Amino acid sequence: MAKARTIGVAMDYSPTSKAALRWAVDNLVVQGEDKLILIHVRSAKSDNDQKKKLWGENGSPSIPLEELKVTTVSKQYGLNPDAEVLDLLDTVSRTKGANVICKVYWGDPRERLCDAVEDLKLDSLVVGSRGLGALKRSVFSLKIWHVLLFSFFLSFFLSFFHHRA
């Protein structure tokens, strides 16, 4: 029997984070005891200072899916989950038997996601595409492709001339 994995998904309810969640559910979560953790990072300037002071370093306690569905509970943490995400999480919980929980952190998203990987001992972390549109993603991938080709040909020619000398 395979070891149960812990999969984290960074969630801000944007279209790209929803696509990341769908991808994680389709490709990473397998039938069995996998744990799927939705990781929310609230701004350090968020309006709920008491919760931030109470759980600022380690984040909120784990919020089970059943509690996340309750509007009053999710509002306590400053979350506003939409029906599409809750439906997807409920489906993966029922069909694949995954344990779905939510965790809320406060601060800089980059730093807090790195902290979450360590704190939650994640096997995988899935994030969206940083809010880049299709045009910016294609231009960015073309730049990367150009750099990779240039570095490949440069190393090829340098090694070719080095061996000839």
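Computed from a prediction, not measured in an experiment: that's the story for all the values here. (Residues numbered from 1 in each chain as written. Predicted model: local features only at pLDDT ≥ 70, side-chain atom pairs only at ≥ 80, totals over all residues. Heavy atoms only, no water.)

Draft legend 1. Representation of the sheet that holds strand 3 (residues 63-64) in the model. Pairing in this open sheet of five strands is mixed, and the strands run 3-4-2-1-5 from one edge to the other. Taken across any chain shown, the strands that pair with only one partner, and hence form the sheet edges, are strand 3 and strand 5 (124-126). As judged from the eight bridges shared by strand 2 (residues 35-42) and strand 4 (residues 99-106), these two strands associate in the parallel manner. Along strand 4, the bridge assignment pairs Arg 42 with Trp 106. Each of strand 1 (6-10), strand 2 and strand 5 touches helix 1 (residues 15-27); the most contacted strand, strand 1, lies at about 165° to it. (Pairing = 2+ DSSP bridges. Helix = DSSP H or I, 4+ residues; strand = E, 2+ residues; numbered from the N terminus. Contact = heavy atoms within 4.5 Å. Axes fitted to C-alpha atoms, helices over the stretch in contact; angles between N-to-C directions.)

Draft legend 2. How the structure looks around the packing of helix 1 against helix 5 (residues 83-95). Contact geometry for helix 1 and helix 5: axes closest at 11 Å, N-to-C directions at 10°. As judged from the angle between their axes, helix 1 and helix 5 are roughly parallel. Taken together, the residues of helix 5 that come into contact with helix 1 (itself represented by Lys 18, Leu 21, Arg 22 and Val 25) are Glu 84, Val 85, Leu 88, Leu 89 and Val 92. Here the contact of helix 1 with helix 5 is composed, by residue class, of six nonpolar, no polar and three charged. (Parallel < 35°, antiparallel > 145°, perpendicular 65-115°, else oblique. Nonpolar A, V, L, I, M, F, W, Y, C, P; charged D, E, K, R; others polar.)

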